[in-house]
Amino acid sequence: MLKIMVKPEKNGTHAVFRGDRPVAFGLSLDEAENYSAFLRASLRVHRTHKLSGALDRRA
């Protein structure tokens, strides 16, 4: 799984990265942290749905 992180940019804003690929940039620190939390939560929901679908197919 790719790591989601917030990194500062040279112009004083922040960017959200998923692995080494930027997902969002030009954000304040609060916005970047909120966006990274949203990404983590949405990935958790996606994995949960994927797992429940796999279990349904097995049964």
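The rules we used
- Each chain carries its own residue numbering, running from 1 in the written order of its sequence.
- Per-residue local features of the predicted model are confined to residues with pLDDT of at least 70, and side-chain atom pairs are confined, for both listing and counting, to 80 or more; whole-chain, interface and lining totals are unaffected and use all residues.
- The basis for the side-chain values is all heavy atoms of the structure; hydrogens and waters are excluded.
- Under the DSSP-based scheme used, a helix requires at least four consecutive residues in state H or I and a strand at least two consecutive residues in state E, with every element numbered from the N terminus.
- With a 1.4 Å probe rolled over the protein chains alone, any residue whose accessible area is under 20% of its type maximum counts as buried; one over 50% counts as exposed, and the rest are partly exposed.
- Note on contacts: a residue pair is in contact if any heavy atoms of the two residues lie within 4.5 Å.
- Areas reported here follow the Shrake-Rupley algorithm with a probe of radius 1.4 Å; residue values treat only the protein chains shown as occluding.
- In the analysis that follows, any N or O atom pair within 3.5 Å is treated as a polar contact, provided that within protein one partner can donate a hydrogen and the other can accept it, and provided that, for residues neighboring in sequence, both atoms belong to side chains.
- When DSSP finds two or more bridges between two strands, those strands count as paired.
- Axis lines are fitted through C-alpha atoms, for helices just across the contact stretch, and the angle between N-to-C directions can take any value from 0 to 180 degrees.
- Residues grouped as a nonpolar core are buried Ala, Val, Leu, Ile, Met, Phe, Trp, Tyr and Cys residues, joined through side-chain atoms within 4.5 Å.

This part covers the overall build of the protein chain. Along its length, the protein chain carries 1 helix and 3 strands. Mapped from its N terminus to its C terminus, the protein chain presents α and β elements in the order β-β-β-α. A buried classification covers 24% of the 59 residues belonging to the protein chain. Across the protein chain, every contact between residues at least 6 apart in sequence was considered, and the portion connecting residues at least 24 apart equals 18%. For the protein chain, the accessible area works out to roughly 4800 Å², and carbon and sulfur atoms hold 58% of it.

This part covers the side chain of Thr-13. Examined against the element boundaries, Thr-13 turns out to sit in the loop between strand 1 (4-8) and strand 2 (14-18). There is a polar contact of 2.6 Å between the side chain of Thr-13 and the side chain of Glu-9. Here the side chain of Thr-13 touches Asn-11 through a polar contact of 2.6 Å, side chain to side chain.

If you walk across this open sheet you meet the 3 strands as 1-2-3, and the pairing is antiparallel. Strands at the two margins of the open sheet, each flanked by one partner only, are strand 1 and strand 3 (21-27). In this sheet, neighbouring strand axes are inclined to one another by 20 degrees on average, regardless of whether the strands run parallel or antiparallel. Pairing of strand 1 with strand 2 involves 5 bridges; the strand directions are antiparallel. Residue pairing for strand 2: Met-5 is matched across the bridge by Phe-17.

One finds Ile-4, Val-16, Ala-24, Leu-27, Ala-32, Leu-39 and Leu-43 forming the largest nonpolar core, which totals 7 residues. Breaking this core down by element, the ones donating at least two residues are strand 3 and helix 1 (29-58). Ranked by residue count, the leading element in this core is helix 1, at 3 residues. Once you skip the residues sitting within four places of it in the chain, Ile-4 turns out to touch Val-16, Phe-17, Arg-18, Ser-36, Leu-39, Arg-40 and Leu-43.

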